[in-house]
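Report on the structure
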Amino acid sequence: MIRLHHVPQARSFRVLWLLEELGERFDVVPHSFFDKSLRSPEYLKLSPAGRVPALEIDGRVLFESGAIVEYLCETRGRLAPPPGAEERPEWLEWLHYSETLGQHLAALTQQHIVLREDWMRSPTVMRLEAKRLQNALGAAEAALAGRDYLLASGFSAVDATMGYGAGLARRFVRLDALPRVAGWLGRLQARPAYLRAQARDGAPEIYVQPFYEVPDA
Ligand SMILES: N[C@@H](CCC(=O)N[C@@H](CS)C(=O)NCC(=O)O)C(=O)O
């Protein structure tokens, strides 16, 4: 049985959603950011830096969401153009670009949520990272001109990896200037597999506000 180690709302949601899109049967092993379970010796054997996702599958354990997505698409033969296909370089670009969104989201999460005392936080960093995140989403806005999904051939795994990041970005960036991204998110979040994944995500404990405003300096 496939077992996904997951924290609600975290990057492991990319894999949760993709497993639902692929129609795989799997168990979700829930963890929390806030109870130190990701630093237990047992968990560090699965994920050496104590991060999610980790996926137990096909007799091995994989960490790193991009690698897991590539492995799942390759072994299940779906939701990615195969090596050599015309759209493969574009697909790889979006797969890894999802981590460009991820780095800004991680910085914003640290600033707004993880650092609890006001004196630890920097409104300058919050503003800068939100702007950089908005600029990074501009690449998806441009790519979505005249198409419903990131690849011309239709929905693929990179819509889930990028879509997870764009969905979270909404808590830090207003999408008024990114109407195609907003429309794409609406399509993604109406997908039956997304709704099934949402139902298995678990109770939110990281992002509890719909929007995180930058406080006055
Ligand atoms: N590049 C890694 C990043 C994994 C990562 O940093 N995950 C976060 C959740 S979004 C995490 O587990 N953080 C827990 C911690 O840093 O203690 C991936 O995509 O799998």
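Residues numbered from 1 in each chain as written. Predicted model: local features only at pLDDT ≥ 70, side-chain atom pairs only at ≥ 80, totals over all residues. Heavy atoms only, no water.

Points about the site of the ligand
In plain terms, the rule: Being near a molecule or strand, for a residue, comes down to having at least one heavy atom within 4 Å of it. Within 3.5 Å is the distance limit for a polar contact, defined as a pair of N or O atoms, with the added protein rule that one can donate a hydrogen and the other accept it, and that residues adjacent in sequence qualify only through two side-chain atoms. Methods summary: accessible areas were calculated by the Shrake-Rupley approach with a probe of 1.4 Å, and residue burial reflects only the protein chains presented. Three residue categories are used. Nonpolar comprises Ala, Val, Leu, Ile, Met, Phe, Trp, Tyr, Cys and Pro, charged comprises Asp, Glu, Lys and Arg, and polar comprises the others, including Gly.
The environment of the ligand is made up of A10, R11, R14, F33, L38, R39, R51, V52, P53, E64, S65 and E99. Take R39: an N or O atom from its side chain is 2.6 Å from an oxygen atom of the ligand. Separating an oxygen atom of the ligand from a side-chain N or O atom of S65 is a distance of 2.6 Å. Coverage of the ligand by the protein amounts to 81% of the 510 Å² it exposes when considered alone. When its residues are assigned to classes, the shell around the ligand shows five nonpolar, one polar and six charged.

Some details on the UniProt feature "domain: GST N-terminal" (unreviewed entry) in the protein chain
Put simply, the rule reads: UniProt positions are given in the numbering used here, feature names are shortened, and annotations may be inferred rather than shown by experiment. Segments assigned H or I by DSSP are reported as helices when at least four residues long, segments assigned E as strands when at least two residues long, and all are numbered from the N terminus.
Mapped onto the present numbering, the UniProt feature "domain: GST N-terminal" (unreviewed entry) falls at residues 1-80. This span, residues 1-80, is 36% helix and 22% strand, and a straight line between its end C-alpha atoms measures 23 Å.

Focus on the nonpolar core
Just so we agree on the cut-off: Throughout this description, the term nonpolar core refers to a set of buried Ala, Val, Leu, Ile, Met, Phe, Trp, Tyr and Cys residues connected via side-chain atoms within 4.5 Å. Only protein chains enter the accessibility calculation, which uses a 1.4 Å probe; a residue is then buried when its area is under 20% of its type maximum, exposed when over 50%, and partly exposed in between. Here the bounds of each domain stem from an automatic or database domain assignment. Contacts were defined at the residue level, with two residues in contact if any of their heavy atoms lie within 4.5 Å.
Core analysis: the biggest nonpolar cluster contains 66 residues, and L55, L72, L150, V181 and W184 have the highest contact counts within it. Here this core gathers at least three residues from each of two domains, domain 1 (2-76) and domain 2 (88-191). When neighbours within four sequence positions are excluded, L150 is seen to be in contact with E90, W94, A140, A143, L144, V158, D159, M162 and W184.

With respect to the pattern of salt bridges
Formally: For this document, the term salt bridge refers to a Lys or Arg side-chain nitrogen within 4 Å of an Asp or Glu carboxyl oxygen.
Enumeration according to the criterion identifies 14 salt bridges in this entry. The closest approach of N and O atoms between R14 and E99, which form a salt bridge, is 3.0 Å. Placement of R14 in helix α1 (residues 12-22) and of E99 in helix α4 (residues 88-114) is noted, with a sequence separation of 85 residues between them. By relative accessible area, which is 29% here, E99 ends up partly exposed. For R187, the salt bridge identified is with D148, shortest N-O distance 3.9 Å. Here the residue R187 occupies a position in helix α7 (residues 179-189), and D148 occupies one in the loop between α5 (123-143) and α6 (157-169), the gap between them amounting to 39 residues.

Thoughts on the environment of S12
By secondary structure assignment, the location of S12 is in helix α1. In this structure S12 comes out as buried when scored by relative accessible area, which is 0%. Sequence separation of S12 and Y164 is 152 residues, and the distance between their C-alpha atoms is 9.7 Å. Beyond its immediate sequence surroundings of up to four residues, S12 is in contact with L4, H5, H6, V7, V52 and P53. A distance of 3.2 Å separates a polar side-chain atom of S12 from the backbone nitrogen of V7.

Quick look at α7
Inclusion rule: Starting at the helix axis, one direction is taken to each C-beta atom, and the arc is that of these directions.
Those residues of α7 lying buried are V181, W184, L185 and L188. For α7, the buried positions fall inside an angular range of 105° around the axis, keeping them on one side. Against the buried residues of α7 lie α1, α5, α6 and α8 (192-201).

Re α1
Summarising burial for α1: eleven of the eleven residues are buried, a large majority. Listing the buried residues of α1 in full gives S12, F13, R14, V15, L16, W17, L18, L19, E20, E21 and L22. Positive backbone phi, at 75°, marks G23, one or two positions downstream of α1.

A closer look at the packing of α6 against α7
Applicable threshold: To obtain an axis, a line is fitted to C-alpha atoms, over the contacting stretch when the element is a helix, and the angle between two such axes runs from 0 to 180 degrees between their N-to-C directions. Between 65 and 115 degrees an angle is taken as roughly perpendicular, under 35 as roughly parallel, over 145 as roughly antiparallel, and anywhere else as oblique. The crossing is said to be left-handed when, going from far helix to near helix, the turn is anticlockwise and less than a right angle, and right-handed when the turn is clockwise.
Orientation of α6 relative to α7, taken along the N-to-C sense of each, is 115°, at an axis distance of 10 Å. Classified by the angle between their axes, α6 and α7 sit roughly perpendicular to one another. As α6 packs across α7, the resulting crossing turns out to be left-handed. Between α6 and α7, the residues in contact are D159, M162, G163, A166 and G167 and V181, W184, L185, L188 and Q189, respectively. Of the residues that constitute the contact of α6 with α7, the class distribution is six nonpolar, three polar and one charged.

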